[in-house]
Amino acid sequence: MTEPVAKLIDVKKYYKLRGETVKALDGVTLTISPSSFMAVAGPSGSGKSTLLNLVGALDTPTSGEVIVNGENLAHLSGTEQAMMRRDHIGLIFQSYNLIPVLTSLENVEYVMLLQGVERAERKERSLALIKEVGLSGMEDRRPSELSGGQQQRVAIARALVSRPSLVLADEPTANVDSKTGGALLDTMAELNERHGTTFIFSTHEKMVMDRASRVVRLRDGRVEADEAG
Amino acid sequence: MTIIKMAWRNLWRNPKRTAITGSAIAIGLATMIFYLGWMGGMTLHLVHTMTSSQLGYAQIHADGYLSSREPELTIKKPADILERLKSRKGVIGAAPRIYGDGLLAIGDRSTNVTCIGYEEAQEKLVSGWSENLTSGGLPAGEREILVGVDLAEKLEIEVGSKVVLTIADIYTGDLNYILVKIAGILATNNPVIDKQAALMGLSPLQKALGIGDDIHEVALSLDVSPTDLEGIKWIIAPFNTAKTTAKPWQELVPVVANMVKLQSIYMGITLVIVFTLIAFGIVNTLSMSLLERMKEFGVLRALGTTPLRLAALVICEGAWLGVVGSSLGLFLGLIVHFILSKTGITMGNAEAMGVTFRSPIYPILDPTGIAVVTALFITLTPLVSLIVAKKAEKVDPIKALRHE
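All of these numbers come straight from a predicted model, not from anything done at the bench. (Residues numbered from 1 in each chain as written. Chains lettered and ligands numbered in written order. Predicted model: local features only at pLDDT ≥ 70, side-chain atom pairs only at ≥ 80, totals over all residues. Heavy atoms only, no water.)

Participant: So what's going on with the overall build of chain A? Which residues, and what values?
Facilitator: A tally of helices and strands in chain A yields seven helices and ten strands. By the compact-globule yardstick of 17 Å for 229 residues, chain A fits well, its C-alpha radius of gyration being 17 Å. Principal-axis analysis of the C-alpha atoms gives chain A an extent of 50 × 45 × 40 Å. Considering chain A as a whole, with its 229 residues, one finds that 55% of them fall into the buried category. Counting every atom, chain A has about 10,000 Å² of accessible surface; 45% of that belongs to carbon and sulfur. Measuring between centres, the 27 positive side-chain charges of chain A sit 2 Å from its 30 negative side-chain charges. (Helix = DSSP H or I, 4+ residues; strand = E, 2+ residues; numbered from the N terminus. Rg over C-alpha atoms; globule rule 2.2 N^0.38 Å. Buried < 20%, exposed > 50% of the residue type's maximum accessible area, 1.4 Å probe, protein only. Areas by Shrake-Rupley, 256 points an atom, 1.4 Å probe, with all protein chains shown as cover. Lys, Arg positive; Asp, Glu negative; His and termini not counted. Charge placed at Lys NZ, Arg CZ, Asp CG, Glu CD.)

Next up, the structure:
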């Protein structure tokens, strides 16, 4: 049996808000297989982003276990978690979050710079991915010189360039029009097929859910439904 | 793209703020370079004036004279000492002098004066009084004297004026009234000379005081730097005997010598004050920058940037700020230095440590001092940015990503 890329076992995430305990996740158990193209859906406040943050080693659960690539994230230090993100997890944000002082090429190269990849290889791999996401010729442009859709394509290339086993995309099409969103999904689906990279999206858009091979619906921090797309 | 290149680009994201903080660093360093040169010039002027107007590099007196100033405590048979000094290695000039109190009067105006008897041939090798004549010339005979510029002004006398000099014989107390002519007026920047000295030949004053061939003092000029205390002490050592005491100028006017020594401490204190003020600016700039880019720091952390690397980015930004500000400051400081070394800095006849700053002070270029101060500025700026770097290190990616 193939080892899951990520596993959540009875994960709870509670926090205090104005004296009240908010149950962002309340006992979620999930197994995510390699090469999945999975959507985590649900209304605002259902726990989608919290789930992605926990799997992305950005946050720690109140209780339960989050295992990514066979590593229990609770056992990792802050620096080890950073290295886990650097080497195994690609992140795509709703508002792109490219580094404004870097060009498209430099933004894509950045994670490899952290990994200590040689300059020539960095450039070669980055240019190849920029081409794959359809941005050839825009390598030297800074984020301010790109449209929203183009920025998100750079963000996709950045998330994939380090060849992660898992890409977490927090509402990646929310800030672009539906045509651009569709094109972005096509690109990600293509990359999922070509590289076998696991994609997990948080979304409340039907278009994204329709494209996913699996949809996990959350409500009030609990898994309401887990169905094939 | 290295962290250094990224830091450089980040620095110019808010050019106005960077320019303001960079200018503060530049002005601080330029001020320190100016201060270094000015203090050097002041010290040189002070030491030069001290040693060349009366003091010399060292002096020899009869034992006990310095503490009591008793006129009877003279150096007997000075020819012997003067002969030995001539052949002593490192001695350029040895000027014999005698001192006596007198009263200088013209018409209904009179004032107490310090009469100084000297020998021009040797004195010009030590004090250079003759180079400081503002009018007139050197005394041509026994009945001619020189007076200081302030004394001449006080008594309203000028070159050619005839005045009565009253001097008492130190042994009998008999008063000698001598009619003398003002041969010249001098300005030495030494208030003792300029305000109250009447300078005359050695032998007429010896006669008036009744001390025969004796002298009170031998002032020396030596072939070493005036600040080389050990060198001066080595040259004068043989003249410290049971009958005579030889002292370097540093021991004759310890206040001035200590001030010269304390100069580096003053510099250090000024440096600390100036840099502390600048440090607030640097911390403020970097903190503002951190706050504005909090979300970006969250993204960098989320992408796998370690806390240490994030701190290094902030330190790099601080270092660039230091390099830019310090380069500008060095340039500005050297420009100011070269302009002032041509024009001089007028001190408005200020008086300090017994020296009047009549002539402008010319700053001294101290390459070592400038290099040390510049290196300190460049090194301290990234060190100060450590304060902000520590905050950056603690950025929580989740909280930072929510930051708007």
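Participant: Mind laying out the overall build of chain B, listing which residues take part and the relevant values?
Facilitator: What chain B contains, in helices and strands, is 15 helices and twelve strands. By the compact-globule yardstick of 22 Å for 404 residues, chain B is too spread out, its C-alpha radius of gyration being 31 Å. Along the first, second and third principal axes, the C-alpha set of chain B runs to 100 × 45 × 30 Å. Expressed as a percentage of the 404 residues in chain B, the buried residues total 52%. Taking contacts inside chain B between residues at least 6 apart in sequence as the whole, the part at least 24 apart equals 77%. One way to put it: in chain B the 36 positive side-chain charges average out to a point 16 Å from where the 35 negative ones average out. (Contact = heavy atoms within 4.5 Å.)

Participant: Help me get a handle on the pairing of strand β8 (residues 198–203) of chain A, residues and values and all.
Facilitator: Residues and elements named next belong to chain A. Across the six residues that make up β8, a large majority, six, are buried. By the alternation rule, side chains of β8 split into Thr198, Ile200 and Ser202 and Phe199, Phe201 and Thr203, which are all buried. As defined by bridge partners, strand β3 (residues 37–41) adjoins β8 across five bridges and the pair is classed as parallel. The partner of phenylalanine 37 across the bridge, within β8, is phenylalanine 199. As paired strands, strand β7 (residues 166–170) and β8 are joined by five bridges and run parallel to one another. When the sheet's bridge partners are listed, leucine 168 is paired in β8 with isoleucine 200. Considered for its hand, the β-α-β crossover made up of β7, helix α6 (residues 178–195) and β8 is right-handed. (Pairing = 2+ DSSP bridges. Right-handed = clockwise from strand over helix to strand, strands pointing away.)

Participant: For the packing of aromatic side chains, give the residues involved together with the corresponding values.
Facilitator: Under the counting rule described, the total for this entry stands at nine aromatic pairs over all chains. Plain terms: the ring middles of phenylalanine 34 of chain B and tryptophan 38 of chain B are 6.0 Å apart, the flat faces sit at 10 degrees to each other, and that makes the pair stacked. Placement of the pair is phenylalanine 34 of chain B and tryptophan 38 of chain B together in helix α2 (residues 15–55), with a separation of four residues, close to one helical turn. Take phenylalanine 34 of chain B: its relative accessible area is 26%, and that puts it in the partly exposed class. Within the aromatic cluster, the residues linked to one another by ring pairs are Phe37, Phe199 and Phe201 of chain A. It is arginine 88 of chain B that lies over the ring of tryptophan 234 of chain B; its NZ or CZ is 4.5 Å from the centre. (Phe/Tyr/Trp six-rings, centres within 6.5 Å; stacked < 30°, edge-to-face > 60°. Lys NZ or Arg CZ within 6 Å of the ring centre and 35° of its normal.)

Participant: Talk me through the domain arrangement of chain B; I want residue IDs and the actual numbers.
Facilitator: All names here are of chain B. Along its sequence, chain B is organised into domain 1 (3–50 + 257–402) and domain 2 (57–249). Of note, the centres of domain 1 and domain 2, computed from C-alpha atoms alone, are 50 Å apart. Counting residues at the interface gives ten residues for domain 1, matched by eleven residues for domain 2. Taken together, both faces of the contact between domain 1 and domain 2 bury some 800 Å²; the carbon and sulfur share is 55%. Linking domain 1 with domain 2 are zero salt bridges, by the criterion used here. Across the contact surface, domain 1 and domain 2 share zero residue pairs in polar contact (both at pLDDT 80 or more). Elements with a minimum of two residues in the side of domain 1 that touches domain 2: α2 and β12 (355–356). Ranked by residues supplied to the side of domain 1 that touches domain 2, first place goes to α2 with three residues. Taken together, the residues of the side of domain 1 that touches domain 2 break down into three nonpolar, five polar and two charged. (Domains from an automatic or database assignment. Buried area = accessible area lost by both parts, 1.4 Å probe. Salt bridge = Lys/Arg side-chain N within 4 Å of Asp/Glu carboxyl O. Polar contact = N/O pair within 3.5 Å; in protein donor to acceptor, adjacent residues only side chain to side chain. Nonpolar A, V, L, I, M, F, W, Y, C, P; charged D, E, K, R; others polar.)

Participant: Any chance you could break down a nonpolar patch on the surface for me, citing the residues and the numbers?
Facilitator: Residue and element names in this part refer to chain B. A surface patch of nonpolar side chains, about 560 Å² in accessible area, is lined by Leu262, Ile265, Tyr266, Ile269, Ile273 and Leu277. As for its placement among the helices and strands, leucine 277 is situated in helix α11 (residues 254–292). Exposure remark for leucine 277: the relative accessible area of 60% places this residue in the exposed category. (Patch = residues over 30% accessible without salt bridge, like charges linked within 9 Å, V, L, I, M, F, W, Y side chains within 5 Å.)

Participant: Tell me about the side chain of glutamine 122 of chain B, and name the residues and values.
Facilitator: All names here are of chain B. Counting through the fold element by element, glutamine 122 comes out in helix α5 (residues 120–126). Engagement of the side chain of glutamine 122 in a polar contact is seen with the backbone nitrogen of alanine 94, the distance being 2.8 Å. With near-sequence residues (within four places) excluded, glutamine 122 lies in contact with Lys86, Gly93, Ala94, Ala95 and Pro96.

Participant: Which residues make up unusual backbone geometry, and what values go with them?
Facilitator: All names here are of chain A. One non-glycine residue, serine 35, lies in the positive phi region at around 65 degrees. Mapped onto the elements, serine 35 comes out in the loop between β2 (20–32) and β3. You can call serine 35 partly exposed: its relative accessible area is 39%. The phi torsion at tyrosine 96 lies on the positive side, around 65 degrees, for a residue other than glycine. The residue tyrosine 96 is located in the loop between β6 (89–92) and α3 (104–115) in this model. Exposure remark for tyrosine 96: the relative accessible area of 11% places this residue in the buried category.

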